[in-house]
Amino acid sequence: MQQVLTVVKQQIPLAMGESRRIFHGRGHCFPGFEHLVIDWFPPYAVARLYKEVEPEWVTELSDTLKSVDEIEGLVIQQRSRGKEAQQNVAWGSVPEQMNTMELGLFYQVKPQRNQNSGLFLDMREGRKWVMHNAGGKRVLNLFSYTCAFSVAALAGGADQVVNVDMSRGAINTGRENHLLNGLEGDRVKFLAYDLFRSWKRVRQYGPYDLIVIDPPSFQPGSFVAEKDYRKVIRRLNELTKEGGQVLACHNDPKNGTEFLKNLMLEECPDFKFVERLKNPEDFPEAEPEKSLKVLLYVREN
């Protein structure tokens with residue numbers, strides 16, 4: 001556990017009071033800890049285990065993190081494949097819901113939630129890019145989840161953002177995130193729709209200058225990348241005009257950048273690949289093609 005302790009103690013000061021990942025074993029840069037990640041929602045830590053381990057190992061992890069002065073509470077979540085996630089507060093008084101900060105903006109998170117806490121920390125550089133490039137633009141945020149991209153876009157001066165997600169609960173949290181940052185008003189719309197049945201409604205607010213596509217990798221009944229991503233991409237021409245930008249995101253380790261590049265080439269040849277955005281430094285990855293992919297495109301015609 002000494003390696004975990006060393007990395008955690010290095011990462012917490014770098015966070016400067018904001019949320020980030022403080023240990024990323026799943027990037028295969030820390031042999032023996034490929035099943036462990038630890039997220040930091042100051043002053044609390046959430047450790048997620050992606051395989052079954054002995055109770056003694058969990059106890060050692062808990063005791064190790066308890067020795068870090070900055071951590072005031074720890075949640076441990078076990079997410080073995082094929083089993084429902086289980087979590088418990090190992091120690092400290094961790095709230096069920098709290099506000100956390102990233103890039104100077106506030107978001108509502110649920111550290112004790114048995115799946116995602118409400119903010120995907122690996123997308124920080126994507127949100128930073130949007131904040132710096134959304135000024136004066138009409139933005140479409142597809143698969144918006146809790147609308148963090150929208151908060152970043154409006155904070156960066158976007159004229160309007162349309163958020164689309166089929167989860168009404170996630171959309172409602174998105175509304176709260178905007179209120180937390182004083183961004184409520186006519187510039188933002190929240191559409192709790194099934195996207196594949198609602199293209200006409202989405203199109204009526206366009207054309208868009210920037211579209212963010214950030215779907216789940218594999219969520220049966222909602223989105224399966226291998227068959228559904230193409231359905232979204234083939235709509236881009238009718239949603240944008242010349243000069244329109246697209247951030248296409250994908251987080252399945254089975255598919256590298258060529259997965260998205262081939263789809264864009266086949267369905268939207270008018271869109272030119274510009275760059276792949278870098279991932280946050282707190283998500284080290286031995287094989288970058290297995291990490292988060294965020295590809296920027298621009299429409300030339």
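Note: the structure precedes this text.
Computed from a prediction, not measured in an experiment: that's the story for all the values here. (Residues numbered from 1 in each chain as written. Predicted model: local features only at pLDDT ≥ 70, side-chain atom pairs only at ≥ 80, totals over all residues. Heavy atoms only, no water.)

Student: Can you help me understand the overall build of the protein in this one?
Tutor: Tallying secondary structure elements over the protein gives nine helices and 16 strands in all. The C-alpha radius of gyration of the protein comes to 19 Å, within 12% of the 19 Å expected for a compact globule of 301 residues. Across its three principal directions, the C-alpha atoms of the protein cover 60 × 40 × 35 Å. With 301 residues in all, the protein has 52% of them scored as buried. Contacts in the protein between residues far apart in sequence, at least 24 positions, make up 63% of those at least 6 positions apart. (Helix = DSSP H or I, 4+ residues; strand = E, 2+ residues; numbered from the N terminus. Rg over C-alpha atoms; globule rule 2.2 N^0.38 Å. Buried < 20%, exposed > 50% of the residue type's maximum accessible area, 1.4 Å probe, protein only. Contact = heavy atoms within 4.5 Å.)

Student: Honestly, helix α3 (residues 124-133) in this entry has me stumped. Any pointers?
Tutor: Residues spaced three or four apart along an α-helix face the same direction, because each turn holds 3.6 residues. With respect to burial, α3 is a largely interior element, seven of its 10 residues being buried. Regarding α3, the residues found buried are Arg-124, Glu-125, Gly-126, Arg-127, Trp-129, Val-130 and Met-131.

Student: Honestly, the environment of Tyr-44 in this entry has me stumped. Any pointers?
Tutor: Here Tyr-44 lies in strand β3 (residues 44-49). Of the residues examined, Tyr-44 reaches a relative accessible area of 14% and is grouped as buried. Tyr-44 sits 92 residues away from Gly-136 along the chain, and the two C-alpha atoms are 37 Å apart. Apart from the residues lying within four places of it in its own chain, the contact partners of Tyr-44 are Asp-39, Glu-72, Gly-73, Ser-93, Val-94, Pro-95 and Met-98.

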